[in-house]
Amino acid sequence: MAIAGLNIIDYVLIAIGAFLFVLFVYAAIISLFEKEKKASSNFFITGLLLPTPFLIVAVTDFGFSKVISIVLLTIVIITILIFIIPVRLRTKYMNSIPEARIDERDTMFSRNELKNNEKRAKEYYTNNPDKKPVDEKIMENPGLMSIKSSNYDPVLFSSAHASFFTIASLKSKVDGHQNSEKKEFDPEQITQYIKKWTKKLGALSVGVTELHDYHCYTYRGRGDYYNDKIEAKHKYAVAFTVEMNYDMVKSGPMGQIVMESAQQYLSSGVVAVQLAEFIRQLGYPARAHIDGNYEVVCPLVAKDAGLGEIGRMGLLMTPEYGPRVRIAVVTTDLPLIPDKPAFDPSVIEFCTFCKKCAVNCPSQSISYNDQEQTGGVARWQIDQESCFDFWTKCGTDCGRCMSVCPYSHPNNFLHNVVRSGIRNSSIFSRLALLLDDVIYGKKPKVAKPAGWMNLTEKKSS
Ligand code: SF4
Ligand code: SF4
């Protein structure tokens, strides 16, 4: 074996090897910043190993080195083609409009509140006797943020409580009187103003849709307005998302997840209340829909406003952060220009074969099957009873599904390149999932809390 004089193919191989080295070391460094130690070492090792055959074949000359050069170049060309050529293996996804509306009284948050109201419980279980046994079993659990729950943490649960306490003070401010003097605007201009200002206030993405009946619950299921019938009383809806912190979400189902959920319910609630009040100041009715005080089903509104698709875990999957968001909505009659979202089949297709949330769900509440026809629309539906049963045992809102989802990775160059490949090609999507499993693990570890959250409680003497 001898060092050969380099030709053009050798230089191309060296360039590819150097590119792969830089790419994977860059990914390793980014992963370190993301506190993904396992991913970082996997990227680093790959960055050392992957370029090696390219360099060896380029700088040495042995019997069949030319054949290996051609094989390596062919693999590289095929990989590039897989990334850039748009291929959609399955195109027939139903994107139909829901026929049936959801009754908020059937949601687990609403049913959970029945334990504090004998009269409502009696009425509800008379009409829904099938739900009584499962609810009674769940009500025996310690409960959300309970001192007796398995993941109880006095500091983190108190932090979450403080956010929920603050949200409660916003509930009476979701609606109000509008200014008697109506200001007129060009709908395009005011729509752009609302989108930009909402982002400035902290939103990640903002969209507008016409409000439809199927966006609204049929009946209120919580608080003072229990049993109130809901009609779509406004013409438009502004939906927006706020990001949930990556590190906090990765800790699900430990205490940080409920702390983060509460924080982002509050952040989105503040922005929604501000936005609704702003619109009323302009002389138009507007109502904010925030945690514990909804008349609309936020993911359905957000989907029609172009903010994402509904994935396997039943949550909105945004292009930027996947399901790692909270949503709030403002409905209004202020004339706005609705968005015209194009259906993105790549998300639904990815969910069809991914199933990482289902595999990692501690209560096995997420379906492994294909989408099913429910309420006139093809969708996945989680088992809300078994999911809530788990929540009320561990004391948090879990979020394990959200934390392991490949779409939840941070919004940076590395992950955005992968996201654009997934959008473009079904074949690349499968490679991306394989890579995600190898680099981050099929069952990623639950992240430990940051040092500043580890407080030791002093026992009083
Ligand atoms: S984990 Fe996979 S299957 Fe589940 S929502 Fe995310 S992409 Fe879809
Ligand atoms: S929140 Fe937890 S229990 Fe509920 S579906 Fe997601 S992973 Fe399963």
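Residues numbered from 1 in each chain as written. Chains lettered and ligands numbered in written order. Predicted model: local features only at pLDDT ≥ 70, side-chain atom pairs only at ≥ 80, totals over all residues. Heavy atoms only, no water.

## With respect to the packing of aromatic side chains
All chains considered together, the criterion is met by 15 aromatic pairs. Between the aromatic rings of W197 and F278, the centroid separation amounts to 5.2 Å while the plane-to-plane angle is 55°, which identifies the pairing as tilted. You can see W197 sitting in helix 9 (residues 187-200) and its partner F278 sitting in helix 11 (residues 255-281), a full 81 residues away along the chain. By relative accessible area, W197 is classed as partly exposed at 23%. Taken together through their ring pairs, the aromatic side chains of F109, F388 and W391 make up a single cluster. Stacked on the ring of Y219, the Lys or Arg R105 has its end atom at 4.2 Å from the ring centre. (Phe/Tyr/Trp six-rings, centres within 6.5 Å; stacked < 30°, edge-to-face > 60°. Helix = DSSP H or I, 4+ residues; strand = E, 2+ residues; numbered from the N terminus. Buried < 20%, exposed > 50% of the residue type's maximum accessible area, 1.4 Å probe, protein only. Lys NZ or Arg CZ within 6 Å of the ring centre and 35° of its normal.)

## Describing a positive patch on the surface
A surface patch of like charges, here positive, comprises K37, K38, K445 and K448. Mapped onto the elements of the fold, K448 is located in the segment after helix 18 (426-440). (Patch = residues over 30% accessible without salt bridge, like charges linked within 9 Å, V, L, I, M, F, W, Y side chains within 5 Å. Areas by Shrake-Rupley, 256 points an atom, 1.4 Å probe, with all protein chains shown as cover. Salt bridge = Lys/Arg side-chain N within 4 Å of Asp/Glu carboxyl O. Lys, Arg positive; Asp, Glu negative; His and termini not counted. Charge placed at Lys NZ, Arg CZ, Asp CG, Glu CD.)

## Some details on the site of ligand 2
Taken together, C361, P362, S363, I366, C387, W391, D397, C398, G399, R400 and C401 make up the full set of residues adjacent to ligand 2. Of the residues belonging to the shell around ligand 2, the class tally is seven nonpolar, two polar and two charged. (Near = heavy atom within 4 Å. Nonpolar A, V, L, I, M, F, W, Y, C, P; charged D, E, K, R; others polar.)

## Brief notes about helix 4 (residues 65-84)
Side chains of residues three or four places apart in an α-helix project in the same direction, reflecting 3.6 residues per turn. Spanning 20 residues, helix 4 covers 29 Å between terminal C-alpha atoms, matching the ideal 28 Å at 1.5 Å per step. Considered for burial, the residues of helix 4 that qualify are S65, S69, L72, L73, V76 and I82. Residues of helix 4 that are buried in the fold lie against helix 1 (8-33), helix 3 (51-59), strand 2 (60-61) and helix 18. (Expected span 1.5 Å × (residues − 1). Contact = heavy atoms within 4.5 Å.)

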